[in-house]
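So the chains spell out like this:
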Amino acid sequence: GSRGRALVAVWTRWTAFLDDDDEFLPPHLEKLWSYAQMTGADMVYSWFHVVGGWDPFPNTHFTEPFDPNNPVETTVTTLVKTELAQEIGMRALDRGQGNSGEDYRLVLELVARGAKIVHLVDRTWLWHHDSKNTSGLPGKW
């Protein structure tokens, strides 16, 4: 997919993903970068404000710290060490639900490698919800 093709071309130490229905708020990258430096994280994610819809994820995905023993599905709007992301790649996770799940596969592979994933409990970006986007899973409507 397009994420994988773009990831291969990245040459910076860190990669920040941004889907076409997402929008960074002005402090997004600075906050994630600062939190990654403070925590020694390999990947950091925050949460979003929804524009034109609602958050299909359980509220605990926003409020709770990341637990590698019970990894939740984050969004792809993360800041991650490029080398790790490139080693893993952006490939489908077959969930049998018609969604590639490449973002969740990235999370699961990072956990399997012992990478440190941290959650910045802050809403630093916008997700523009529309009728064509199921945030990964059709059952989330």
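Residues numbered from 1 in each chain as written. Predicted model: local features only at pLDDT ≥ 70, side-chain atom pairs only at ≥ 80, totals over all residues. Heavy atoms only, no water.

A.B. asks: Whenever I open this one, the confidence of the model for the protein chain confuses me. Can you help?
C.D. replies: Where the model shows low pLDDT, its predicted coordinates should not be examined in detail. The predicted model of the protein chain averages 89 in pLDDT, with 89% of residues at 70 or higher. Within the model, the stretch residues 137-141 combines pLDDT values under 50 with 16 contacts to residues more than four positions away or in other chains. (pLDDT = per-residue confidence, 0-100. Contact = heavy atoms within 4.5 Å.)

A.B. asks: Help me understand the pattern of salt bridges, please; the structure alone is not making it clear to me.
C.D. replies: Two side chains that carry opposite charge are able to pair once their charged atoms sit near each other. Per the counting criterion, the structure on display carries 5 salt bridges. One salt bridge connects Glu102 with Arg3, and the closest N-O pair in it is separated by 3.2 Å. Taken as a pair, Glu102 in helix H5 (residues 102-112) and Arg3 in helix H1 (residues 2-9) lie far apart in primary sequence, 99 residues in all. Just as Glu102 is buried, Arg3 falls in that class too. One salt bridge connects Arg113 with Glu87, and the closest N-O pair in it is separated by 3.1 Å. (Salt bridge = Lys/Arg side-chain N within 4 Å of Asp/Glu carboxyl O. Helix = DSSP H or I, 4+ residues; strand = E, 2+ residues; numbered from the N terminus. Buried < 20%, exposed > 50% of the residue type's maximum accessible area, 1.4 Å probe, protein only.)

A.B. asks: Any chance you could explain the sheet that holds strand E2 (residues 22-24) here in plain terms?
C.D. replies: Two strands in a sheet stick together by hydrogen bonds in their backbones, pointing the same way (parallel) or opposite ways (antiparallel). Judged by pairing direction, the sheet is mixed, and its 5 strands sit side by side in the order E1-E4-E3-E5-E2 without closing on themselves. Looking along the sheet, the strands with just one partner apiece sit at the ends: strand E1 (14-16) and E2. Averaged over all adjacent pairs, the angle separating strand axes in this sheet is 35 degrees, with direction ignored. Set on the sheet, helix H2 (residues 28-39) makes contact with E1, E2, strand E3 (43-51), strand E4 (78-81) and strand E5 (117-128); between it and E5 the angle comes to about 175 degrees. On the sheet, H5 packs against E3, E4 and E5 and is oriented at approximately 170 degrees with respect to E5. (Pairing = 2+ DSSP bridges. Axes fitted to C-alpha atoms, helices over the stretch in contact; angles between N-to-C directions.)

A.B. asks: Is there a simple way to explain the pairing of E3 in this structure?
C.D. replies: Regular strands show a simple pattern: their side chains alternate between the two faces of the sheet. Relative to E4, E3 is paired through 3 bridges, and the arrangement is antiparallel. The residue of E4 that forms the bridge with Val44 is Leu79. As defined by bridge partners, E3 adjoins E5 across 8 bridges and the pair is classed as parallel. Bridge pairing links Phe48 to Trp125 in E5.

A.B. asks: Help me understand H2, please; the structure alone is not making it clear to me.
C.D. replies: When the terminal C-alpha atoms of H2 are compared, their 17 Å separation across 12 residues agrees well with the 16 Å that a helix rising 1.5 Å per residue should span. For H2, the set of buried residues is His28, Leu32, Ala36 and Thr39. The buried side chains of H2 occupy one side of the element, clustering within an arc of 80 degrees when seen end-on. Looking at H2, the residues exposed on the side facing more than 90 degrees away from the buried face are Glu30 and Met38. Buried-residue contacts for H2 involve E1, E2, E3, E4 and E5. Looking at the residues trailing H2, positive phi occurs at Gly40, about 70 degrees. (Expected span 1.5 Å × (residues − 1). Arc of directions from axis to C-beta.)

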